[in-house]
Amino acid sequence: MTDSRRNFLKAALAGAGAAALSGCTRLSQKPWVQDALGEVENLTRRVQRVFAGGHALATEYKKSDIAPVFRANGTLNPSTDEYAAHAATGFRNWRIAVGGLVEKPLSLSLDDLQAMPARTQITRHDCVEGWSCIGEWTGVPLAPVLAAARPKPEARYVMFFCADPMGNLPSGEAAYYYESLDLLEATHPQTILAYRLNGQVLPIEHGAPVRLRAERQLGYKMAKYIQRIELVENFHRFAGGKGGYWEDQGYSWYAGI
Amino acid sequence: MPAGDQTVSRTRIPSRLRKALGLAPEGPHYLFYRHGWIVRLTHWANAAILFVMLLSGLQIFNAHPALYWGRSSDFDHPILSLTARGTDDAVAKGVTQIGPWDFDTTGVLGASKVDGQMTARGFPDWATIPGPQWLAMGRLWHFAFAWLFVANGLMFLVWATWRGHVRRDLLPTKDDIRHLPQEIVDHARLKFPKGEAAKRYNGLQKLAYSAVLFVVAPLIVATGLAMSPTMDAAAPWLPWIFGGRQSARTIHFLCAFSFLAFFIVHIVMVVLSGTWNNLRSMITGRYAIEGERAP
């Protein structure tokens, strides 16, 4: 190939590529493009649910598969005085309220949770960033906790409100981490309120005293430092209205992929 | 199939330039109908789809620019990593690590300029969709276009299998394999088939197209699905056959770069063997063959 042809080819490819690329970047800023691409999430969710249904279990691994160091991500230590006070007393007075669309609101202490039948599972944690870690989690399956509160028929989603502050909402109000699952995922047998990791009391960096494990979802769904669980018909009235802290930043609500 | 029509060149273009550009030759020739409309449609759709898939994939990769083997990430021993060195305030150097080896790739991999400022980034902003670091948007592009990739690919494969295109034109024959050494020598000398022989794909072409269609494409879809925690619950064998989710992610990455390597060789071959003739045949379907049409 002569130099001029090579240069022409390079320039043509680079030019076309750069134009397409900056086009895609500009399109990414447009709400209608975000909405259109985001719509596909519903298709993905429906199709994956056909395959996985309500009860397909995430793979459980052997003890020997447990990662030597389980990476902690997101908030590593909530920066509030209240949380520090709870941590100093070993979360003795920590309570998790279960409310919203239920017949019988609950307020559960750590002792209450630990008195309920527990489940231990060695599972793989997949972060949206791309890495994975295997760890052993112990906790109370969420399904019987919800059943004890007797959900009303109109309840469709389970919200998890957390103790870690995440800056401010556009309104100026303090924002806290929150997440949501639909009832199918919330009542899955491996969805637990975990209070132990690898046989130890759940460390602060992993969400002490209680975090969510939803094993068929990505890590950002698994809220840490849980203080309040609320059953709702939809999540539009909370914070940014997208059902979770990262969802409000543009991440998909469906985190099965 | 439409009959090839004799064409007469009207303008005088030097024959060397004519050849270089792949214009129809001055001598006797005819236009041969080489690519059906489904091939042409799915080819160009695939080009656009793969462009978005590759660049949005690099955006996703940039969220954690390291690859591992196995089920989980052994953070201290990645197979490959693109990292930045220096202080938090002043990124000085980009390093690409492959196994035990480190390479200084400052400016391109590991660290590159964003708005004039050297920044820690796996792949540079001219290689990702969207340009800025924006994982959420990269994922939206990637997962939307993944559906298009599968739909477009299936449309082609179903048609190509049904119409015998796969068996007749794409799968290498024993003869093709036997002639491979000669084929390689001819390609190295930039000697391309002419006349009747130019109507068929040669052995190297068949091998390359078959590898991309029947190995890399299915593999990239399967390894992509193996990274989905819900799919893994539905089909636990899926990550297992690849040696774990992180291995699947590594194979996914290798497949993406196999597509890129294929693309580069493909473009070079298109240019070397007559740019316009090849382009025309993939746009209108018609490819100029030197010589007289066989009766």
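These figures come from a predicted structure and were not determined experimentally. (Residues numbered from 1 in each chain as written. Chains lettered and ligands numbered in written order. Predicted model: local features only at pLDDT ≥ 70, side-chain atom pairs only at ≥ 80, totals over all residues. Heavy atoms only, no water.)

Asker: Describe the pairing of strand E1 (residues 95-100) of chain A, naming the residues involved and giving the relevant values.
Answerer: Remember that side chains alternate between the two faces of the sheet whenever the strand is regular. Residues and elements named next belong to chain A. As paired elements, E1 and strand E2 (residues 106-109) share four bridges and run antiparallel to each other. Looking at the pairing, Arg95 lines up with Ser109 of E2. In textbook terms, the turn of a hairpin is the stretch between consecutive antiparallel strands, and for E1 and E2 this stretch comprises five residues. Pairing of E1 with strand E10 (residues 226-232), which is carried by four bridges, proceeds in the parallel orientation. Counterpart to Ala97 in the pairing with E10 is Arg228. (Pairing = 2+ DSSP bridges. Helix = DSSP H or I, 4+ residues; strand = E, 2+ residues; numbered from the N terminus.)

Asker: How would you summarise the pairing of strand E3 (residues 119-126) of chain A if you had to cite specific residues and measurements?
Answerer: Residues and elements named next belong to chain A. Counting buried residues along E3, six of its eight residues qualify, which places the element largely inside the surrounding structure. With eight bridges connecting them, E3 and strand E4 (residues 132-141) associate as antiparallel partners. In the sheet register, Thr123 faces E4, and the bridge partner there is Gly135. Here E3 hands over to E4 after five residues, with Gly130 in that stretch at a positive phi of 125°. (Buried < 20%, exposed > 50% of the residue type's maximum accessible area, 1.4 Å probe, protein only.)

Asker: Outline the domain arrangement of chain B, listing residues and values.
Answerer: Residue and element names in this part refer to chain B. Per the domain assignment, the segments making up chain B are domain 1 (15-69 + 124-290) and domain 2 (70-122). Its C-alpha centre places domain 1 at a distance of 29 Å from the equivalent point of domain 2. With 21 residues of domain 1 at the interface, the matching set in domain 2 holds 19 residues. Across the interface of domain 1 and domain 2, roughly 1500 Å² is buried in total on both sides, 56% from carbon and sulfur atoms. Where domain 1 meets domain 2, there are zero salt bridges. (Domains from an automatic or database assignment. Contact = heavy atoms within 4.5 Å. Buried area = accessible area lost by both parts, 1.4 Å probe. Salt bridge = Lys/Arg side-chain N within 4 Å of Asp/Glu carboxyl O.)

Asker: So what's going on with the packing of aromatic side chains? Residues and values would help.
Answerer: Enumeration according to the criterion identifies 26 aromatic pairs over all chains in this entry. An angle of 85° between the planes, with centres 5.3 Å apart, marks the rings of Tyr83(A) and Tyr225(A) as edge-to-face. With Tyr83(A) in helix H3 (residues 81-88) and Tyr225(A) in the loop between strand E9 (211-213) and E10, the pair connects residues that are 142 residues apart, well separated along the chain. Ring centres of Tyr201(B) and Tyr209(B) lie 5.0 Å apart, and the angle between their planes is 75°; this geometry places the pair in the edge-to-face category. With a relative accessible area of 16%, Tyr201(B) lands in the buried category. An aromatic cluster of three or more residues is present, and its members are Tyr177(A), Tyr220(A), Tyr245(A), Trp246(A) and Tyr251(A). (Phe/Tyr/Trp six-rings, centres within 6.5 Å; stacked < 30°, edge-to-face > 60°.)

Asker: Outline the interface of chain B and chain A, supporting the account with residue identities and numerical values.
Answerer: The extent of an interface is frequently quoted as the accessible surface area lost upon association of the parts. The partner chain A presents 53 residues to the 47 residues of chain B that form the contact. Both sides of the chain B and chain A interface together cover about 4100 Å² of buried area, and 67% of this is carbon and sulfur. Contact with chain A buries surface across chain B, with Arg71(B), Trp147(B) and Thr230(B) losing the most and accounting together for 15% of the total. Our count for the chain B to chain A interface comes out at three salt bridges. Residue Arg71(B) pairs with Asp65(A) through a salt bridge whose shortest N-O separation is 2.8 Å. Taken together, chain B and chain A are joined by 16 residue pairs in polar contact (both at pLDDT 80 or more). For the side of chain B that touches chain A, the secondary structure elements donating two or more residues are helix H2 (37-62), helix H3 (135-162), helix H8 (229-234) and helix H10 (245-272) of chain B. The dominant element in the side of chain B that touches chain A, judged by the number of residues it contributes, is H3(B), at 10 residues. When the residues that make up the side of chain B that touches chain A are grouped by side-chain class, the tally is 33 nonpolar, eight polar and six charged. (Polar contact = N/O pair within 3.5 Å; in protein donor to acceptor, adjacent residues only side chain to side chain. Nonpolar A, V, L, I, M, F, W, Y, C, P; charged D, E, K, R; others polar.)

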